[in-house]
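Residues per chain, in single letters:
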Amino acid sequence: MKPIYFDHAATTPVDTRVLEAMMPFFGERYGNPSELHGLGREGRRAVEAARAAVAAALGAEEREIVFTSGGTEADNLALVGYLERLEPGHLIVSAIEHAAVMETAKALKRRGWSLGIVPVDRDGLIDLDAYEAAFCPDTRLASVMLANNVVGTVQPVAELARIAHEHGAAFHTDAVQAVGALPVDVEDLGVDLLSLSGHKLYGPKGVGALYVRRGTRLVPLMHGGGHEHRLRSGTENVPGIVGLGTAMSLAVQEMPERQARLVSLRERLADGVLAAIPEVAYLGHRTQRLPGNVAFTVPYVEGESMLLQLDQAGVMVASGSACASGSLEPSHVILALGYRPEEAHGSVRASLGTENTEAEVDRFLEVFPPIVEKLRAMSPLYHGGA
Amino acid sequence: MYTELVMDHFSNPRNVGEVADADGVGQVGNPVCGDIMRITIKVVDDAIEDAKFKTFGCGAAVATSSMVTEMVMGKTLTEAAEISNRAVAEALGGLPPIKMHCSNLAADALHLAIADYLTRSGREDEVAEIIGPLPKGDGHEHDVEEDD
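Every residue gets a number counted from 1 within its own chain, in the order that chain's sequence is written. As they are written, the chains are lettered A onward and the ligands numbered 1 onward, keeping that order. Per-residue local features of the predicted model are confined to residues with pLDDT of at least 70, and side-chain atom pairs are confined, for both listing and counting, to 80 or more; whole-chain, interface and lining totals are unaffected and use all residues.

Draft legend 1. Main features of the overall build of chain B. In terms of helices and strands, chain B carries 7 helices and 3 strands. When the helices and strands of chain B are placed in sequence order, the string is α-β-β-β-α-α-α-α-α-α. In summary, chain B has a C-alpha radius of gyration of 14 Å against a globular reference of 15 Å for 148 residues, a match within 12%. For chain B, the C-alpha atoms occupy an extent of roughly 45 × 30 × 25 Å along the three principal directions. Each residue is classed by its C-beta neighbour count within 10 Å, where at least 20 other C-beta atoms makes it buried, 12 or fewer makes it exposed, and intermediate counts make it partly exposed; the C-beta atoms are placed from backbone geometry. The 148 residues of chain B split such that 51% are buried. Within chain B, contacts between residues separated by at least 24 positions form 62% of all contacts whose residues are at least 6 apart in sequence. The way it works is that DSSP assigns letters per residue, a run of H or I at least four long becomes a helix, a run of E at least two long becomes a strand, and they are numbered from the N terminus. We compute the radius of gyration over the C-alpha atoms and compare it with the globule rule, which gives 2.2 Å times the number of residues raised to the power 0.38. Remark: residues whose backbone-derived C-beta atoms lie within 7 Å of one another are considered to be in contact.

Draft legend 2. Region of interest: the packing of helix α1 (residues 4-11) of chain B against helix α2 (residues 59-72) of chain B. Residues and elements named next belong to chain B. Here an axis means a line fitted to C-alpha atoms, over the contact stretch when the element is a helix, while the angle between two N-to-C directions is reported on a 0 to 180 degree scale. Running from N to C, α1 and α2 point in directions that differ by 85°, and their axes come no closer than 8 Å. Here α1 is positioned roughly perpendicular relative to α2, judged by the angle of their axes. Note on element contacts: α2 touches α1 through G59, A60, V62, A63, S66 and M67, opposite V6, H9 and F10. Residues are grouped as follows: Ala, Val, Leu, Ile, Met, Phe, Trp, Tyr, Cys and Pro are nonpolar; Asp, Glu, Lys and Arg are charged; every other residue, Gly included, is polar. Among the residues forming the contact of α1 with α2, the class breakdown is 6 nonpolar, 3 polar and no charged. Here is the rule for angles: anything less than 35 degrees is roughly parallel, anything more than 145 is roughly antiparallel, 65 through 115 is roughly perpendicular, and the remaining ranges are oblique.

Draft legend 3. Local environment of the nonpolar core. Put simply, a nonpolar core is a cluster of buried Ala, Val, Leu, Ile, Met, Phe, Trp, Tyr and Cys residues tied together by C-beta atoms within 7 Å. Core analysis: the largest hydrophobic core is formed by 165 residues, its most contacted members being V54(A), A209(A), Y211(A), L110(B) and I114(B). Here this core takes 13 residues from helix α8 (residues 238-276) of chain A, the largest share from any one element. The domain limits used here are those given by an automatic or database domain assignment. Looking at which domains feed residues into this core, each of domain 1 (4-10 + 255-377) and domain 2 (16-250) of chain A gives three or more. Excluding residues within four positions of it along the chain, L110(B) makes contact with G26(B), I39(B), V68(B), V72(B), A80(B) and I83(B).

Draft legend 4. View of the sheet that holds strand β1 (residues 24-30) of chain B. Residue and element names in this part refer to chain B. The 3 strands are arranged β1-β2-β3 in an open sheet whose pairing can be described as antiparallel. Lying at the two open borders of the sheet, with one neighbouring strand each, are β1 and β3 (47-56). Shown here is a sheet whose adjacent strand axes are inclined to one another by a mean of 15°, direction ignored. Paired strands are those between which DSSP finds at least two bridges. Relative to strand β2 (residues 35-44), β1 runs antiparallel, the two being bridged by 7 bridges. Bridge pairing in β2 links V28 to M37. α2 rests against β2 and β3 of the sheet, and its axis sits at about 175° to β3. Across the sheet, helix α6 (residues 106-120) touches β1 and β2, and the angle it forms with β1 is around 140°.

Draft legend 5. Structural view of the domain arrangement of chain A. Residues and elements named next belong to chain A. Assigned domains of chain A: these are domain 1 (4-10 + 255-377) and domain 2 (16-250). Its C-alpha centre places domain 1 at a distance of 27 Å from the equivalent point of domain 2. Where the side of domain 1 that touches domain 2 is concerned, the elements lending two or more residues are β10 (293-297) and α11 (332-336). When residues of the side of domain 1 that touches domain 2 are assigned to their parent elements, the largest contribution, 3 residues, is made by α11.

Draft legend 6. Broad picture of unusual backbone geometry. The phi torsion at R230(A) lies on the positive side, around 70°, for a residue other than glycine. Along the chain, R230(A) falls in the loop between β8 (208-212) and α8. With phi around 60°, N15(B) is a residue other than glycine that occupies positive phi space. Secondary-structure assignment places N15(B) in the loop between α1 and β1. When the 19 C-beta atoms within 10 Å are taken as the criterion, N15(B) is described as partly exposed.

Draft legend 7. Seen up close, the pairing of strand β5 (residues 139-143) of chain A. All names here are of chain A. Looking at chain direction, strand β3 (residues 90-94) and β5 are connected through 4 bridges and run parallel. Directly across from H90, in β5, lies its bridge partner T139. Taken together, β5, helix α6 (residues 157-166) and strand β6 (residues 170-174) form a β-α-β motif whose crossover is right-handed. Convention used here: a crossover is right-handed provided that the path from the first strand, over the helix, to the second strand proceeds clockwise when the strands point away from the viewer.

Draft legend 8. Examining α2(B) more closely. Residue and element names in this part refer to chain B. In this analysis, the expected span of each helix is defined as 1.5 Å times one less than the number of residues it contains. Between its first and last C-alpha atoms α2 spans 20 Å; for 14 residues at 1.5 Å apiece the expected length is 20 Å, and the two agree. Burial within α2 is extensive, with 13 of its 14 residues counted as buried. Looking one or two residues beyond α2, the residue adopting positive phi is G74, at roughly 85°.

Draft legend 9. Structural detail: the pairing of strand β7 (residues 193-197) of chain A. Residue and element names in this part refer to chain A. Burial analysis of β7 places 5 of its 5 residues in the buried class, which makes it a mostly covered element. Side chains L193, S195 and S197 of β7 all project onto a buried face; the interleaved residues L194 and L196 project onto the opposite face, where all are buried too. With 3 bridges connecting them, β6 and β7 associate as parallel partners. Looking at the pairing, D174 lines up with S195 of β7. Across 5 bridges, β7 lies against β8 in antiparallel orientation. Paired with L196 across the strands is A209, a residue of β8.

Draft legend 10. Quick look at the confidence of the model for chain B. Residues and elements named next belong to chain B. The predictor's confidence in any single residue is recorded as pLDDT, a number from 0 to 100. In the predicted model, chain B carries a mean pLDDT of 89, and 92% of its residues have values of at least 70. The spread of mean pLDDT over the elements of chain B runs between helix α5 (residues 99-102), the lowest at 76, and β3, the highest at 97. In this model residues 140-148 is a low-confidence stretch, pLDDT under 50, and it forms 10 contacts with partners more than four residues away in sequence or in other chains. ipTM for the predicted complex: 0.87, alongside a pTM of 0.93.

Draft legend 11. Region of interest: the environment of L128(A). Summarising the element assignment, L128(A) is placed in helix α5 (residues 128-134). Residues L128(A) and E159(A) lie 31 residues apart in sequence; the distance between their C-alpha atoms is 9.2 Å.

In structure tokens, the structure reads:
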């Protein structure tokens, strides 16, 4: 049986139409866009067409798009690039940021910035009162992710950006999980900086972009030939950029169908798990969440064990347990939601994608409950059932 | 990341459960760390006649628990006390470095079970002699086997 892939929040397969658009730029159209000859001009046209596609998908202007090597670089460029040109002051992030923002913020703290980390509620929604109260006179930037990668919760970013501006601070959002999955318009959101990544939306790995609102001044992290409006030197990753542009266009065109399908699969999976397994806790906001994200925690069982058993049964998912994350600590996101460490150790995330089917969800619902039962029977913490 | 033998013990764990009328019980770890191992033993003539485990934890935690019950079967108490966490990991063909601390405590659980048996039989004075210093039940030493 073909393995079932429920880990689209980690990465997505490249859409065949995207791959097709990219292929010529590995082959005969290999020109360096900085060169003035025919091949170079061809490369330049392709990069600028992709820039136009990304800008259009976000409701931005072309000159506001900076291509990067991915979401992590976009986040680094946003935070460090914006703050490095200023005297150290205060910076705000949420408690559930991806490491690309959280670790960058901590690095800035080591360089003299003071860092405010704003808590979230049990659903993963930012605490608005705490957020507003976190602003100081010298707060220069607030960064809150649009949609969370672990529990799927979508933040009220438009309101958060408005509050930041009222306090004279700029606003960045890591929209890596949201772009392609939800409508994202930089004017509606009112953000100054927004990060996105190609491989989360059926584009290639190794490419992303940072939206930089006109008038928002950054310093580059990469120095060199002055590419990307002097913000990101280095010869453009032409095939990757073309892939990102194509993937963004397709995501916008197909957004309504994709969203409706994913929400229906998500609810089928969530309802099935909640009905079949006693004591499961659903993680994140039940409705204000990514269309394809289902996350839950299974008491008395450890996440890596579930992940490995599911893998052997032909279903690939993720877990926020310490073991699965390759560290000694369980997911900081699930802890920030107020769950206990032992609950965080038992978390499972299924992130669905466009190629998933109802039959695959049903197959998951068939294999998962017996796995939990088997592991619970083995658990010294479990005294129910048997 | 795991050896075939680890995956085999994880997928088909040996000796899961609890020994009926156990003579000794040993438990290590805590839920905060994400690993708890509980080993129960039956002792006849100072030899392990039966050993079973229950484990909450990752693949390595389950596999080491399963392996230690297999290794200890039929051994005398003194022989059993010589089984170390490291020996269990080696018997499995090795573990990823990050698993050597938290998920490799099965031998500790076994030693606590033997100490429990000795204590219950009024032989507390032999605990130090047979087992040496007792491992901590509720956690683990992060400086143990740090060289891995």
